[in-house]
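A closer look at the structure
Residues per chain are reported as follows:
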Amino acid sequence: VQLQAFGGGLVKAGGSLRLSCAASGRTFSNYRMAWFRQAPEKEREFVAAVTRSGDMTYYADSVKGRFTISRDNSQSTVYLQMNSLKPDDSAVYYCAFPRTTSDFINTSPQGYAYWGQGTQLTVSS
């Protein structure tokens, strides 16, 4: 599986940005997808996940109401729309591909076998 993430950058607090992650190597629609993030000297943390069909989404409390995860199975791509950004959102963002085809939403990094290369988001105050 290969994952390629795009869309990071520098944005002012209150701004918006959309991340994309294109997957290849497996039947994308058979797998839930997730985004994680990791700030310097912090552990990688769950941000959001979406079920295989895209009908259900899950969010960390810290981003609920501000971030939206979605997917386009025809394009094998998962998105993360980030609004009302805060400096605390600054991190490297990773898309994650799970170990199984289950729709169980695993918020632990151990539940994911493949990772994108990461894309840096910096939010200035």
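Each remark here, short or long, concerns the structure printed above.
None of the values given here were measured: they were computed from a predicted structure.

1. Focus: the overall build of the protein chain
- Each helix and strand in the protein chain was counted, giving zero helices and eleven strands.
- Element order for the protein chain, N to C, with α for helix and β for strand: β-β-β-β-β-β-β-β-β-β-β.
- Compactness check: the protein chain gives a C-alpha radius of gyration of 13 Å against a globular reference of 14 Å for 125 residues, within 12% of the reference.
- The dimensions of the protein chain, computed from C-alpha atoms along their principal axes, are 40 × 30 × 25 Å.
- A buried classification covers 42% of the 125 residues belonging to the protein chain.
- Within the protein chain, counting contacts between residues at least 6 apart in sequence, those at least 24 apart form 58% of the total.

2. Regarding the packing of aromatic side chains
- A complete count under the given rule lists seven aromatic pairs for this structure.
- For the ring pair Tyr31 and Phe97, a centre distance of 4.5 Å and an interplane angle of 40° mean the geometry is tilted. Of this pair, Tyr31 sits in the loop between β3 (17–24) and β4 (33–38) while Phe97 sits in strand β9 (residues 91–98), placing them 66 residues apart in sequence. Side by side, Tyr31 and Phe97 carry an identical accessibility label, which is buried.

3. Section: the environment of Arg18
- Residue position: Arg18 is located in strand β3.
- Residues Arg18 and Ser84, spaced 66 residues apart in sequence, show a C-alpha to C-alpha distance of 12 Å.
- Residue contacts for Arg18: discarding those within four places in its chain leaves Phe6, Gly7, Tyr79, Leu80 and Gln81.

4. A look at the sheet that holds β3
- The sheet built from four strands is open, its strands ordered β1-β3-β8-β7 with antiparallel pairing. This sheet does not close on itself; its edge strands, each paired only once, are β1 (2–6) and β7 (67–72). Ignoring strand direction, the axes of neighbouring strands in this sheet form an average angle of 15°.
- Sheet topology note: the β3/strand β8 (residues 77–82) ladder contains six bridges and is antiparallel.

5. Points about the pattern of salt bridges
- Using the criterion set out here, one finds four salt bridges in the structure.
- For Arg37, the salt bridge goes to Asp89, with nearest N and O atoms at 2.9 Å. Note that Arg37 is positioned in strand β4 and Asp89 in the loop between β8 and β9, a separation of 52 residues in sequence.
- Given a relative accessible area of 6%, Arg37 falls into the buried group.
- On the basis of relative accessibility, which here comes to 2%, the residue Asp89 falls in the buried class.
- Sharing partners across several salt bridges, the network here consists of Arg37, Glu45, Arg66 and Asp89.

Basis of the calculations
- Residues numbered from 1 in each chain as written.
- Predicted model: local features only at pLDDT ≥ 70, side-chain atom pairs only at ≥ 80, totals over all residues.
- Heavy atoms only, no water.
- Helix = DSSP H or I, 4+ residues; strand = E, 2+ residues; numbered from the N terminus.
- Rg over C-alpha atoms; globule rule 2.2 N^0.38 Å.
- Buried < 20%, exposed > 50% of the residue type's maximum accessible area, 1.4 Å probe, protein only.
- Contact = heavy atoms within 4.5 Å.
- Phe/Tyr/Trp six-rings, centres within 6.5 Å; stacked < 30°, edge-to-face > 60°.
- Pairing = 2+ DSSP bridges.
- Axes fitted to C-alpha atoms, helices over the stretch in contact; angles between N-to-C directions.
- Salt bridge = Lys/Arg side-chain N within 4 Å of Asp/Glu carboxyl O.

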